[in-house]
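Observations on chain architecture
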Amino acid sequence: MVFAALNSIRSHRSSDAASAGLYRSWTNIWMGGMLVVLALILMFVFTGSTLSVIVEALFLIMGAYNVFAGIRNRSYYARLQQRSSNGSGKTSGQSA
């Protein structure tokens, strides 16, 4: 939770769109991991009532989706940041 909060604060303070997106993607990854761990803790601590199983399944699904979306977004923003740091001025492989 601490890492997710730190990356969220960094994303709000960042002036570059690529850096802000990169920090937001790390926030998604950390939040997803936290939800998955929370669901695993709920599975082993509480008995298997219907409501408990539904909450555990929701946490697992939301956590897995956040991790997947965060990894996908991280790769996109990392490529975007790499292109902007190259500074070649050329877009999509076009030559002048």
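Use the structure listed above.
It should be emphasised that the depicted structure is a prediction, and the values quoted were computed from it without experimental measurement.

Comments concerning the packing of aromatic side chains
This structure, assessed with the given rule, holds 2 aromatic pairs. A ring pair is formed by Tyr76 and Tyr77, whose centres lie 5.1 Å apart and whose planes are at 75°; its orientation type is edge-to-face. For Tyr77, a relative accessible area of 21% translates into the label partly exposed.

Observations regarding the packing of helix 1 (residues 2-13) against helix 2 (residues 17-45)
Where helix 1 meets helix 2, the closest approach of the two axes is 8 Å, and the angle between their N-to-C directions is 160°. When the axes of helix 1 and helix 2 are compared, the pair comes out roughly antiparallel. Judged by the twist between their axes, the crossing of helix 1 over helix 2 is left-handed. Together, Phe3, Ala4, Asn7, Ser8, Arg10 and Ser11 of helix 1 and Ala20, Tyr23, Arg24, Trp26, Thr27, Trp30 and Met31 of helix 2 make up the contact between the two elements. Of the residues that constitute the contact of helix 1 with helix 2, the class distribution is 7 nonpolar, 4 polar and 2 charged.

Parameters at a glance
- Residues numbered from 1 in each chain as written.
- Predicted model: local features only at pLDDT ≥ 70, side-chain atom pairs only at ≥ 80, totals over all residues.
- Heavy atoms only, no water.
- Phe/Tyr/Trp six-rings, centres within 6.5 Å; stacked < 30°, edge-to-face > 60°.
- Buried < 20%, exposed > 50% of the residue type's maximum accessible area, 1.4 Å probe, protein only.
- Axes fitted to C-alpha atoms, helices over the stretch in contact; angles between N-to-C directions.
- Helix = DSSP H or I, 4+ residues; strand = E, 2+ residues; numbered from the N terminus.
- Parallel < 35°, antiparallel > 145°, perpendicular 65-115°, else oblique.
- Left-handed = near helix turned anticlockwise from the far one by under 90°.
- Contact = heavy atoms within 4.5 Å.
- Nonpolar A, V, L, I, M, F, W, Y, C, P; charged D, E, K, R; others polar.

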